[in-house]
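# Results of the structural survey
Letter by letter, the chains look like this.
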Amino acid sequence: MTRTEHVALKGTRDGLVLYLDPAADFGVLMTELAKLLKNSVQFLQGASVRCYAGTKEYTEDEHARLGTVLREQRLELVGWLTSEEVGVPGKTQAYATEDKETRLREEGMVEGSCLFVERTLRSGKSVQFDGHVVVLGDVNPGAEIIATGNIAVLGSLRGVAHAGATGERNATVSAYHLAPTQLRIADLVTRAPDEEDSGRGPEIARIKDDQLIVEAAGMNGWRGKAR
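Bear in mind that the values here come from a model prediction, so they are computed numbers and not experimental data.

### Some points on the nonpolar core
Counting residues in hydrophobic clusters, the biggest one holds 26 residues, and the most contacted among them are Val 173 and Ile 185. Apart from residues no more than four positions distant in its own chain, Ile 185 is found in contact with His 162, Ala 163, Glu 168, Arg 169, Ala 171, Thr 172, Val 173, Ala 205, Arg 206, Ile 207 and Leu 212.

What follows is the structure, encoded as structure tokens:
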């Protein structure tokens, strides 16, 4: 899920669900929505969108403006959801979704759709997925992975990796050997250092204090390198 203060966008099996804060000014909603969609990746374009705004009713002009904003990003408004359809029967709230951007059953456990790639990705190969991606192999230079969730490589990551592709700053990229030609999480991007250290061990990259940092995976503590 990716969101702003008053707008949230979530991928489902039936397309995208757009949550609009019913207490917010419509102009503010459209401004935030336009900004949110600019961060969307190409493979989400063409998707259908259903909206939920609690009991809020919008005018015909507002419906038309919403449709225009979506069409500008090649998205199609196909309908509106009721409280029962989004799983909050008998309740109205600003967002019919989780309190957090992703649901945590326990600390360190994140749920969501996951794609397993059971092979090495060679140069020229591209994997794009609305969810998490796990590669049971290497990602060679010239290959790329784009995911709206986390990316985990059970091998060497030497290609391009973009996690949190729709703006999810809590996303991570991890690998047994983390040496990407380009690494991106949400809107932050970096490259591997020029000098490779093959003995670093498994690492995980994440955003902390608006910086991409890399830490040792497991219990070895922070490696403390900002990139």
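### Quick word on the sheet that holds strand β14 (residues 188–190)
The mixed open sheet is built from five strands, whose spatial order is β7-β9-β11-β13-β14. Lying at the two open borders of the sheet, with one neighbouring strand each, are β7 (126–129) and β14. Neighbour-to-neighbour, the strand axes of the sheet open up by a mean angle of 5°, direction not taken into account. Summarising the sheet, strand β11 (residues 160–163) and strand β13 (residues 182–185) pair through four bridges and their orientation is parallel. Each residue of the ladder has a partner; that of Ala 161, found in β13, is Leu 183.

### Details of unusual backbone geometry
Although it is not a glycine, Asp 209 adopts a positive phi angle of roughly 55°. By secondary structure assignment, the location of Asp 209 is in the loop between β15 (203–208) and β16 (211–216). Of note, Asp 210 is a non-glycine position whose phi angle comes to about 65°, a positive value. Counting through the fold element by element, Asp 210 comes out in the loop between β15 and β16.

Calculation notes
Residues numbered from 1 in each chain as written. Predicted model: local features only at pLDDT ≥ 70, side-chain atom pairs only at ≥ 80, totals over all residues. Heavy atoms only, no water. Core = buried A, V, L, I, M, F, W, Y, C linked by side-chain atoms within 4.5 Å. Buried < 20%, exposed > 50% of the residue type's maximum accessible area, 1.4 Å probe, protein only. Contact = heavy atoms within 4.5 Å. Pairing = 2+ DSSP bridges. Helix = DSSP H or I, 4+ residues; strand = E, 2+ residues; numbered from the N terminus. Axes fitted to C-alpha atoms, helices over the stretch in contact; angles between N-to-C directions.

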